Amino acid sequence: MSQIIHKQQTLRERLEILADAAKYDASCASSGTAKKNSLGGKGVGSTEGMGICHAYAPDGRCISLLKILLTNHCIFDCHYCVNRKSSNTRRAKFTPQEVADLTINFYKRNYIEGLFLSSGIIKSSNHTMEQLMETARILREEYDFRGYIHLKTIPEADPQLIEQAGLYADRVSINVELPTRAGLTKLAPDKDEAEIEGALAKTKTRILQAKDERKRFRHAPRFAPAGQSTQMIVGADDANDAAIVNRAAGLYGNFGLRRVYYSAFSPIPDASAVLPLKRPPLMREHRLYQSDWLIRFYGFGPNDVADATEKDGNLPLDIDPKLAWALKFRGQFPVDVNRASKEQLLRVPGLGTTAVGRILKARRYRRLRLEDVGRLIQSIAKVRPFLVAADWRPTQLTDRADLRAMLAPKQEQLELF
Ligand code: SF4
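*Asks:* How should the overall build of the chain be read in this particular structure?
*Replies:* Secondary structure summary: the chain contains 16 helices and 10 strands in total. For the chain, with 417 residues in total, the buried portion stands at 51%. Long-range contacts, defined here as pairs at least 24 residues apart, represent 68% of the contacts in the chain between residues at least 6 apart. Only carbon and sulfur atoms are counted for the fraction: they give 51% of the accessible area of the chain, which is about 20400 Å².

*Asks:* Honestly, the site of the ligand in this entry has me stumped. Any pointers?
*Replies:* The immediate surroundings of the ligand are formed by C74, F76, C78, C81, R84, G120, I121 and K191. A class-by-class count of the residues in the shell around the ligand yields 5 nonpolar, 1 polar and 2 charged.

*Asks:* Looking at this structure, how should I read the packing of aromatic side chains?
*Replies:* The geometry of an aromatic ring pair is captured by the separation of the ring centres together with the interplanar angle, meaning the angle of the planes. Throughout the structure, instances matching the rule amount to 8 aromatic pairs. Their ring planes at 55° and their centres at 4.6 Å tell us that W293 and F297 sit as a pair that is tilted. Of this pair, W293 and F297 both sit in helix α8 (residues 282-297), 4 residues apart, which is roughly one turn of the helix. Taken together, the ring pairs connect F300, W325, F329, F333 and F386 into an aromatic cluster. Its guanidinium or amino end placed over the ring of W325, R347 lies 4.7 Å from that ring's centre, counting from NZ or CZ.

*Asks:* How should the pattern of salt bridges be read in this particular structure?
*Replies:* Any two side chains of opposite charge can pair, given that their charged atoms come close. Overall, the coordinates contain 24 salt bridges when judged by the stated rule. Its salt-bridge partner being E98, residue R14 comes within 3.0 Å of it at the nearest N-O pair. Residue R14 is located in helix α1 (residues 2-22), and its partner E98 is located in helix α2 (residues 96-108); the two are separated by 84 residues in the primary sequence. A residue is classified by how much of its surface remains accessible, and R14, at 17% relative accessible area, is buried. Here K382 and D320 are joined by a salt bridge, their closest N and O atoms 2.6 Å apart. On the criterion of sequence distance, the pair formed by K382 in helix α14 (residues 380-383) and D320 in the loop between α9 (302-307) and α10 (321-328) is long-range, its members being 62 residues apart.

*Asks:* Can you help me understand the sheet that holds strand β4 (residues 114-118) in this one?
*Replies:* Across a sheet, paired strands are connected by hydrogen bonds in the backbone, their directions being either parallel or antiparallel. One open sheet accounts for 6 strands, arranged β3-β4-β5-β6-β7-β8; its pairing is parallel. Edge positions in the open sheet fall to β3 (65-69) and β8 (259-264), since each of these has one partner strand only. Geometrically, the sheet is characterised by an average inter-axis angle of 20° between neighbouring strands, direction not taken into account.

*Asks:* Help me out: how do you make sense of unusual backbone geometry in this one?
*Replies:* With the exception of glycine, the majority of residues adopt a negative phi angle, and the majority of peptide bonds are in the trans configuration. For the peptide bond that leads from F333 to P334, omega is 0°, which places it in the cis range. Looking at where P334 falls in the secondary structure, it is placed in the loop between α10 and β9 (335-336).

*Asks:* What is the right way to read helix α7 (residues 241-255) from this model?
*Replies:* Helix length check: α7 (15 residues) gives 21 Å between terminal C-alpha atoms against 21 Å at 1.5 Å per residue, within 8%. Listed in full, the buried residues belonging to α7 are D241, A242, I244, V245, R247, A248, L251, Y252 and F255. Where α7 begins, the capping side chain belongs to N240, and its oxygen is found 3.3 Å from the backbone nitrogen of A242. G256 lies just past α7 and shows a positive phi near 55°.

*Asks:* Where do I start with the side chain of S266 in this structure?
*Replies:* Its location among the elements puts S266 in the loop between β8 and α8. Judged by its relative accessible area of 16%, S266 is buried. The contacts of S266, once residues within four sequence positions are left out, are Y24 and R279.

Reading the values: rules and limits
- Residues numbered from 1 in each chain as written.
- Predicted model: local features only at pLDDT ≥ 70, side-chain atom pairs only at ≥ 80, totals over all residues.
- Heavy atoms only, no water.
- Helix = DSSP H or I, 4+ residues; strand = E, 2+ residues; numbered from the N terminus.
- Buried < 20%, exposed > 50% of the residue type's maximum accessible area, 1.4 Å probe, protein only.
- Contact = heavy atoms within 4.5 Å.
- Areas by Shrake-Rupley, 256 points an atom, 1.4 Å probe, with all protein chains shown as cover.
- Near = heavy atom within 4 Å.
- Nonpolar A, V, L, I, M, F, W, Y, C, P; charged D, E, K, R; others polar.
- Phe/Tyr/Trp six-rings, centres within 6.5 Å; stacked < 30°, edge-to-face > 60°.
- Lys NZ or Arg CZ within 6 Å of the ring centre and 35° of its normal.
- Salt bridge = Lys/Arg side-chain N within 4 Å of Asp/Glu carboxyl O.
- Pairing = 2+ DSSP bridges.
- Axes fitted to C-alpha atoms, helices over the stretch in contact; angles between N-to-C directions.
- Expected span 1.5 Å × (residues − 1).
- Polar contact = N/O pair within 3.5 Å; in protein donor to acceptor, adjacent residues only side chain to side chain.

Structure (structure tokens):
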């Protein structure tokens, strides 16, 4: 009995350590996975089931994941990482069977809908990748688990192992870690940018190939149907926001990534002297996500985002990047809500994609007044200086020197929301 309790405690303790160690990885949100279900009593798990939801995926779906590391032992020595070889942290390790069992048990209790599994590098990249893959294999082949699986893949591992992992996982990710090659060389000396990009490129090719095969043969195997994602650490090196956004745009373009995640560098115990002493403001991470959104959904390019930055190449923290851009390019405003193109309307601060869609639809039937626009959006105050409506013209408002101060959210609101 005491042996069982001891074993349970050990498992719980390891879970505590390895779940805590995984919290630094932001690249685990899920979206766009193929729908699977266990209707008809076949298989376990579902990617469409209702459960406890902890995170919103970009497509609006809620999904909760068991997010852990297989182990936080690591033979690499990335300066920014609490699990690096030289770190004095508590170590723990699961076997693939244990992670598979935990996943199934948590799933059956409705705690989770899927698994996000990453790992420190143990023994070698190939050995680690084999263990990650084996976990997914047990889940899929032995437990017939049909929930969501996201595997972090190891770029240095044999491509055949990554290939196999992609056949079990819904999504795979390979972290580029730092926005610049110089940053990577300085802070992650065991990693190689060419190797990381090579793995991203191979995965992209394989995903496209699998999609193509599925079009021609209905039973062709799926390969990472929810695509690949990556993560960049922000604030550990001196790359500014313009450089980070530019790198992210390149990654989307070159490797067909579903998402680039940003993770604000978090100071760690016994940190190396090459690291900054403080974490960057969390708002910086938020502004980068907003810029990412502008590029993916609002027709902005990385150069537009760079134009919105301050002298140091970083985005302002007190206002969002779209407003920062509009304040710098006031000559482009005001735009006429009844005549402007979709692209012009999408540049108006305070108008989201949904509101623009509604405006375009509504103005087919009547000329819109400011009040009509007000009904379609959250706050009219932000858009007023940038819009012309049937009964509204901002006259001097767009050129006011204190416009930024008028539109910037109050400091208290910024902290809270
Ligand atoms: S490879 Fe680097 S980032 Fe990954 S766990 Fe090891 S030390 Fe940390």
